[in-house]
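# An overview of the molecular structure
Chain by chain, the residues:
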Amino acid sequence: MTGEALPVAETGREPQGLEPGQDPQQQRPERPAEHGARRVLREILSGSALLSVLAVVVSLVIGAILIAVTNPAVIQASGYFFARPGDTVSAVLNAVGGAYGSLFRGGLIDFSAVGFWAGIQPLLRSLGFATPLIAAGLGIAIGFRAGLFNIGGQGQILIGGAVAGWIGFSLPLPGPLHLIAALVGGLLGGALWAAIPGVLKARTGAHEVIVTIMLNYIAFYLLDYFLNTPVLQAPGSNTPVSAPTAPDAVLPQLFGSPVNLGFPLVVLLVLAAAYLLDRSSLGFKLRAVGENASAARTAGIDVKRMTIAAMVISGVFVGFAGAYQVLGQTTSGFSTAFDAGIGFNAITVALLGRSKPWGVFWAGLLFGVFQNGGYTMQAANAVDLNVVSVVQSLIVLFIAAPPLVRAIFRLPAPKGARA
Amino acid sequence: MKLELRGITKRFGALTANDHIDLVVTPGEIHCLLGENGAGKSTLMNVLYGLYQADEGEILLDDEVQHFSGPGDAMRAGIGMVHQHFMLVPVFTVAENVMLGHESTKAGGRLDLDAARARVREISDRFGFDVDPDARIEDLPVGVQQRVEIIKALSRNAGVLVFDEPTAVLTPQETDELIGIMKQLRDSGTAIVFITHKLREVREVADRITVIRLGQVVGEAEPTASNAELASLMVGRAVELTVDKTPARPGADALVLDDVHVYDLNGVPVVDGVSLTVRAGEILAIAGVQGNGQTELTEAIFGLQPQVTGRIVLDGEELTGRTVRQVLDAGAGFVPEDRQHDGLVPEFTIAENLMLDRADGEPFVRLGALRLKDLAAFAQERLRRFDIRAQGIGTRVGRLSGGNQQKVVLARELSRELRLFVAAQPTRGLDVGSIEFVHEQIVATRDAGVPVIVVSTELDEVVALADRIAVMYRGRVVGVVPADTPRDVLGLMMAGEAPQAVAA
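Keep in mind that this is a model prediction, so the values were computed, not measured.

## Quick word on the overall build of chain A
From N to C terminus, chain A includes 17 helices and 0 strands. Burial statistics for chain A: of 419 residues in total, 50% are counted as buried. Sequence-distant contacts, at least 24 apart, represent 74% of the contacts inside chain A between residues at least 6 apart.

## Looking at the overall build of chain B
The secondary structure content of chain B amounts to 17 helices and 22 strands. A globule of 504 residues ought to have a C-alpha radius of gyration of about 23 Å, and chain B, at 25 Å, matches this closely. The principal-axis extent of the C-alpha atoms belonging to chain B is close to 70 × 50 × 50 Å. In chain B, which comprises 504 residues, the share counted as buried stands at 50%.

## Concerning the pairing of strand E1 (residues 3-12) of chain B
Residue and element names in this part refer to chain B. Bridge count between E1 and strand E2 (residues 15-25): 7 bridges; the pairing is antiparallel. When the bridges of E2 are listed, lysine 10 appears paired with asparagine 18. As judged from the 5 bridges shared by E1 and strand E4 (residues 56-61), these two strands associate in the antiparallel manner. Opposite arginine 6, over in E4, you have glutamate 58 as the bridge partner.

## Things to note about the nonpolar core
Grouped together as the largest cluster of nonpolar side chains are 266 residues, with contacts concentrated most on Phe194 and Val471 of chain B. No other element matches helix H13 (residues 303-329) of chain A, which puts 14 residues into this core. If you count residues domain by domain, this core takes at least three from each of domain 1 (3-235) and domain 2 (253-494) of chain B.

## Observations concerning the packing of helix H4 (residues 85-107) of chain A against helix H15 (residues 357-381) of chain A
All names here are of chain A. The interhelical angle for the contact between H4 and H15, taken along N-to-C directions, is 130°, at an axis separation of 7 Å. Classified by the angle between their axes, H4 and H15 sit oblique to one another. Here H4 runs over H15; the crossing is right-handed. Of the residues in H15, those in contact with Gly98, Ala99, Ser102, Leu103, Phe104, Arg105, Gly106 and Gly107 of H4 are Val369, Phe370, Asn372, Gly373, Gly374, Tyr375, Thr376, Met377, Ala380 and Asn381. Looking at the contact of H4 with H15 residue by residue, the classes come out as 8 nonpolar, 9 polar and 1 charged.

## A few points about the sheet that holds strand E19 (residues 420-424) of chain B
Residue and element names in this part refer to chain B. In space, the 6 strands of this open sheet follow the order E16-E19-E20-E13-E21-E22, with mixed pairing throughout. The open sheet is flanked by strand E16 (332-335) and strand E22 (476-482), the only strands paired with a single partner. Each strand of the sheet is rotated relative to its neighbour by a mean of 15°, with strand direction disregarded. As defined by bridge partners, strand E13 (residues 283-287) adjoins strand E21 (residues 468-473) across 4 bridges and the pair is classed as parallel. Following the sheet pairing, alanine 287 is matched in E21 by valine 471.

## Details of the sheet that holds strand E7 (residues 160-164) of chain B
Residue and element names in this part refer to chain B. Spatially, E6-E7-E8-E3-E9-E10 is the arrangement adopted by the 6 strands of the open sheet, whose pairing is mixed. The open sheet terminates on both sides in strands that have one partner only, identified here as strand E6 (79-82) and strand E10 (216-221). Geometrically, the sheet is characterised by an average inter-axis angle of 20° between neighbouring strands, direction not taken into account. Where E7 lies against strand E8 (residues 191-196), 5 bridges are found, and the strand directions are parallel. Note on E8: the bridge partner recorded for valine 162 is valine 193. Across the sheet, helix H1 (residues 41-48) touches strand E3 (30-35), E6, E7, E8 and strand E9 (208-213), and the angle it forms with E7 is around 145°.

## Regarding the domain arrangement of chain B
Residues and elements named next belong to chain B. Along its sequence, chain B is organised into domain 1 (3-235) and domain 2 (253-494). The C-alpha-based centres of domain 1 and domain 2 are spaced at 33 Å. For the side of domain 1 that touches domain 2, the secondary structure elements donating two or more residues are helix H6 (172-187) and helix H8 (227-235). Residues of the side of domain 1 that touches domain 2, tallied by class, amount to 4 nonpolar, 4 polar and 1 charged.

What counts, and where the lines are drawn
Residues numbered from 1 in each chain as written. Chains lettered and ligands numbered in written order. Predicted model: local features only at pLDDT ≥ 70, side-chain atom pairs only at ≥ 80, totals over all residues. Helix = DSSP H or I, 4+ residues; strand = E, 2+ residues; numbered from the N terminus. Buried ≥ 20, exposed ≤ 12 C-beta atoms within 10 Å, placed from the backbone. Contact = placed C-beta atoms within 7 Å. Rg over C-alpha atoms; globule rule 2.2 N^0.38 Å. Pairing = 2+ DSSP bridges. Core = buried A, V, L, I, M, F, W, Y, C linked by C-beta atoms within 7 Å. Domains from an automatic or database assignment. Axes fitted to C-alpha atoms, helices over the stretch in contact; angles between N-to-C directions. Parallel < 35°, antiparallel > 145°, perpendicular 65-115°, else oblique. Left-handed = near helix turned anticlockwise from the far one by under 90°. Nonpolar A, V, L, I, M, F, W, Y, C, P; charged D, E, K, R; others polar.

In structure tokens form, the structure reads like this:
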């Protein structure tokens, strides 16, 4: 290879899908200068659902290997592998089968339980974990569809949750009004925190990735500060923990099950996101900006306004996750850790769900199952909970690297048969 | 060096871009590869240059079979290519660009720039190129940059030189100079492949002509063949090269540009005091070589340029400083120069692209909700009327051919009540059939009494469409002349020379 630069656009795009008589040359973008990050994003989001499923499968297989090689019984048996290889094999099967078995039992259905309701208790508990992941995932996904990387889920959850929590323990509102006020406060808090990078990007061109990451730190330390002042700190306490949420403002359990009102609400959010993206004028404009901002601008769409709108809407959804954490999960008073990593897991959920509302729903559900079942796995099989995190991370890796997954399964490239 | 291609076949999935193509180019001959956009010329040359691997067939140089796994192999074997888009590093000097990729070094790894300089001078002198080895590429005019590409190829002792659409970026004068250079190279024994779809250049320079259509060689022609003969070979049917139009019946002044300046991000004027008037029912063609401010001028009209001074008035209504939305609402329609970049959202369906500029209100939006049924009915009607060849309105625009993509843009822009229509490079990269259709639509719009601006770098198109011609050079209007102005005068104006005694 010499220094002669290959033309960037030379990897012709999607020649299989051409109309008869059409030349792939014409498909080449005349300007190859599409923003790099956007191109990668679009490539990731255009992958098929099959690819998502395969990514999960591969990740579970690698997770199994990890479980096997760290299992004490396997290590012991492998010490005399050549004498009795059968021991090692059965130890591996025991370790992996046991771990994934309890993941299933703890996260989905417990067949050993007596009665139907007792059997699906794990699934219902998983819905509780899935709820904030789905909400925040939707927020991130809407950002993606508008071409924005909202990495600030953590900050938006912290601010939204803090506002919801403050309303929840301090305002003397009656009955359901209290819950509604707290929820709305959470949505607004998230929206406000997400609006900052939106406005900065629209006005000055500051990149939202950098700004949202920095705002995560600011939100964290701001919350830390207020948790050490009477604003948020529980009266008479000297630890940085807030007062408990008032019973009025807690999301009520449904029919005595582990599921609270948050889950039906998040299903409504999925429907709202689907309507927004597919059926509304605003969603149409957001998608147009996300796919091709210069064409959108030429067609009279106000790209800056759409950037701000996308961030605000994204923040509303993420803010719901924050409110849910404080009003549904950690109701006995929150610290700075109540975001529970949801802000970042939501990015994974959005990617796994290909930024489509129902895709995000199922991806969030899967992660909820992982999380809930992971606890059982840790307790029953002494498998470190981090294995679950590794599996989740691998899923992102495989989704971000579709060619790798395709190569493993020998799938045909959907686009761009490069010569 | 003799080049021979035997039975080259290249497939992309179901599409055969090259179908058993045979081609022989002997030393000391200029061989023209003529074909429409998308006929497979560039694919063939990319196979030759090692960028693509042929599925069948072989490449022979001086009767020896070659196997190229990349451009490096092709260059070592003696094939040089002058790409349409130059492969030069703008901030490097000429000598640095020429040595790039096969740098020679002195002791301690220091670059031997002197050797490169000497090489550039030697080649430059041999062919009378007049290129300074120490000039930075970005400071050079386009025509000189192209010569640097040629020097680069020659410095690697290329025996076969491929010119891929080399005149697309040149003024007519620069084109003439390039043709001179090509003839000189031919006379010194180089085998030259000249890819183009411009008939006039072919007849001027070619020793032999091979015509390609739909990936197949459809015939050889003599340079003495008429334009009409070559064109019908290219497209497979007799085509009209001229546009059928009646004389314009211009009405009152509609669009008035008064001392318009457009500044780029560095504050440099790219449009420098343009004053123009377009009357209702006439086509004003803006001619000029790419990059002389035409793009920025049209963008300024539509509120797409951030720094504009002067006045832009449409039917007495001030457009200066308005947003894109307001300009569109004032009744302006726009076909942007780069349809894939500015005109369409490739991932969107045809229907979605048809409502792109009306995403806010009637007829496709009510109470913030899309009215998908109305949109579908509208899109069906447009699909039929504009003869957009697609499976349906749900087809993604990115999967359409260039001609059908442009029809989608036209179908959208011409579906509103227009008081101004601006089409920038409306037929760039289109096949002859689509060009005809686009031209008919533009003339029909004019005949409906709309003032029309057509920006084009193709003189043929300018002459065919225009009722009056404005020529731009370096951000200024060199002059506004009648449509029947001779081509050589227009060519001189495109190079910046004011027409003596010619007034609008």
